[in-house]
Amino acid sequence: MKDKDFMKEAIEDAKKRRHHFGAVIVKNGKIISKAGKRPVGDSRYHAETEAILKTGKKNLEGCILYSTCEPCPMCFYMAWITGISKIFYGATVQDAIKFGSDEIRIGIKELNKRGGNKIKIKGKFMRDECLELFEKD
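Definitions and cut-offs
- Residues numbered from 1 in each chain as written.
- Predicted model: local features only at pLDDT ≥ 70, side-chain atom pairs only at ≥ 80, totals over all residues.
- Heavy atoms only, no water.
- Helix = DSSP H or I, 4+ residues; strand = E, 2+ residues; numbered from the N terminus.
- Polar contact = N/O pair within 3.5 Å; in protein donor to acceptor, adjacent residues only side chain to side chain.
- Contact = heavy atoms within 4.5 Å.
- Axes fitted to C-alpha atoms, helices over the stretch in contact; angles between N-to-C directions.
- Parallel < 35°, antiparallel > 145°, perpendicular 65-115°, else oblique.
- Nonpolar A, V, L, I, M, F, W, Y, C, P; charged D, E, K, R; others polar.
- Buried < 20%, exposed > 50% of the residue type's maximum accessible area, 1.4 Å probe, protein only.
- pLDDT = per-residue confidence, 0-100.
- Pairing = 2+ DSSP bridges.
- Core = buried A, V, L, I, M, F, W, Y, C linked by side-chain atoms within 4.5 Å.
- Phe/Tyr/Trp six-rings, centres within 6.5 Å; stacked < 30°, edge-to-face > 60°.

Relative to the helices and strands, threonine 55 resides in helix H2 (residues 47-55). Among the polar contacts listed, one links the side chain of threonine 55 to the backbone oxygen of isoleucine 52, at a separation of 2.7 Å. Non-local contacts of threonine 55, meaning those with residues more than four positions away in its chain, are made with Ile25, Ile32, Ser33 and Leu60.

Pasting the structure below:
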């Protein structure tokens, strides 16, 4: 599978759960976890943090996180503290705000910079497809 295939998995999982957010974690070319934000209406659960927790691992070095939207500071910190090596995200924080999501206005590139640039980041990856998740409401 390729990067696009993994992001498509995150998008399809979000669609299945009728939500804007989906996340997939990959290690050695295989999906080891995926999650959409749930339960709906409980802001403590985000797709990225749930996917990280579902792996059952404390160390995710060498793993890649694919997220339909740029991770918020909480989700970025979970990825950072567990050692995720790379993040691909589609829609941006600014996109989410535009569609009415309540987000802190700081991007992960700035957070990563402040954290020593530990994580490789590929932003706006398949952004148009990820934006469709917001437009369905």
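Following the structure, the description resumes.
A few words on the packing of helix H1 (residues 3-16) against helix H6 (residues 127-135). Contact geometry for H1 and H6: axes closest at 11 Å, N-to-C directions at 5°. Between H1 and H6, the angle is such that the two are roughly parallel. Contact with H1, carried on its side by Met7, Ile11, Ala14 and Lys15, involves Glu129, Cys130 and Leu133 of H6 and no other residues of that element. Along the lines of polarity and charge, the residues of the contact of H1 with H6 split into 5 nonpolar, no polar and 2 charged.

A word on H2. With 7 of its 9 residues buried, H2 lies for the most part within the structure. Among the residues making up H2, those that are buried are Ala47, Glu48, Thr49, Glu50, Ala51, Ile52 and Thr55. On its buried side, H2 packs onto strand E1 (22-27), strand E2 (30-36), strand E3 (63-69) and helix H3 (73-82). Two residues or fewer past H2, glycine 56 is found with a positive phi of approximately 75°.

Averaged over the protein, the pLDDT score is 91; the fraction of residues at 70 or greater is 95%. No element of the protein has a lower mean pLDDT than helix H4 (residues 93-98), which averages 88, and none a higher one than strand E5 (residues 120-122), which averages 98.

What follows deals with the pairing of E2. Sheet topology places E1 next to E2; 6 bridges connect them, and they run antiparallel. Looking at E2, one finds that valine 24 is bridged to lysine 34. Between E1 and E2, which pair antiparallel in sequence order, lie 2 residues; one of them, asparagine 28, sits at a positive phi of approximately 50°.

Following the sequence through the fold, arginine 105 ends up in the loop between H4 and helix H5 (108-114). Taking relative accessible area as the criterion, arginine 105 reaches 61% and is therefore assigned exposed. Sequence-distant contacts of arginine 105, defined by excluding residues within four places in its chain, comprise Val93, Gln94 and Ile97.

The next point concerns the nonpolar core. Grouped together as the largest cluster of nonpolar side chains are 36 residues, with contacts concentrated most on Met7, Ile25, Leu65, Tyr66, Ala79, Ile84 and Ile87. The element that contributes the greatest number of residues to this core is H1, accounting for 5 residues. Excluding residues that lie within four positions of it along the chain, tyrosine 66 makes contacts with Asp3, Phe6, Met7, Ala10, Gly22, Ala23, Val24, Val26 and Phe88.

Going through the model one piece at a time under the given rule, you end up with 6 aromatic pairs. For the pair phenylalanine 6 and tyrosine 66, a centre-to-centre distance of 5.4 Å together with 40° between the ring planes defines the contact as tilted. Placement of the pair is phenylalanine 6 in helix H1 and tyrosine 66 in strand E3, with a sequence separation of 60 residues. On the accessibility criterion, tyrosine 66 (1% relative accessible area) is buried. Plain terms: the ring middles of phenylalanine 21 and phenylalanine 134 are 5.7 Å apart, the flat faces sit at 90° to each other, and that makes the pair edge-to-face. With phenylalanine 21 in the loop between H1 and E1 and phenylalanine 134 in helix H6, this pair connects stretches of sequence that are 113 residues apart. Under the relative-accessibility criterion, phenylalanine 21 is labelled buried at 12%. Ring-pair connections join several aromatic residues into one group, and the members of that group are Phe6, Tyr66, Phe88 and Phe125.

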